[in-house]
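# Tertiary structure, described
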Amino acid sequence: GSCGFKTRITVKGGNGRVEVEVVLSCEKVRLWAEKLGRSLDSLELTKPFCRNPAYLAADEPARLCPPCPVPSSFLMAAWAEVGYGLKKNPTITFR
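Since this is a predicted model, take the numbers as computed values, not measurements.

### Re the nonpolar core
By size, the foremost hydrophobic cluster in this structure holds 19 residues, and its most contacted members are Trp32, Leu40, Leu45 and Phe74. Setting aside its immediate chain neighbours within four residues, leucine 45 contacts Val18, Leu40, Asn52, Pro53, Phe74, Leu75, Ala78 and Trp79.

Next comes the structure, spelled out in structure tokens:
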């Protein structure tokens, strides 16, 4: 993200679950990862923003910065791993 901290998310899917491993350098992301947990039901990750565990974990106590790409990056990786989305790198271009 624009903060300069680095995060690596590894997701493995199978049997309706996703296993999550997060390597990070940001305290807020550490709190997010703790609240999210290491194993989730893959169907939970299809819920809308207001009920999705990846975004709910971004609130208290983590208080992730609004532009933090970690929750959406995690969801893209998880969706690709379980077959809900394509394995393709997203891009954001500023002009």
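### Topic: the pairing of strand S2 (residues 17-24)
The side chains of a regular strand alternate, residue by residue, between the two faces of the sheet. Examined bridge by bridge, strand S1 (residues 7-14) and S2 share 8 bridges and lie antiparallel to one another. When the bridges of S2 are listed, arginine 8 appears paired with valine 23. Once S1 ends, the chain turns through 2 residues before running back antiparallel as S2, passing asparagine 15 with a positive phi of about 55°. Note: S2 against strand S3 (residues 39-41), 3 bridges, orientation antiparallel.

### Some remarks on helix H1 (residues 27-36)
Of the residues making up H1, those classed as buried are Val29, Trp32, Ala33 and Leu36. For H1, the angular spread of buried residues about the axis comes to 95°, placing them on one side. With its phi angle positive at about 95°, glycine 37 sits one or two positions after the end of H1.

Cut-offs used in this document
- Residues numbered from 1 in each chain as written.
- Predicted model: local features only at pLDDT ≥ 70, side-chain atom pairs only at ≥ 80, totals over all residues.
- Heavy atoms only, no water.
- Core = buried A, V, L, I, M, F, W, Y, C linked by side-chain atoms within 4.5 Å.
- Buried < 20%, exposed > 50% of the residue type's maximum accessible area, 1.4 Å probe, protein only.
- Contact = heavy atoms within 4.5 Å.
- Pairing = 2+ DSSP bridges.
- Helix = DSSP H or I, 4+ residues; strand = E, 2+ residues; numbered from the N terminus.
- Arc of directions from axis to C-beta.

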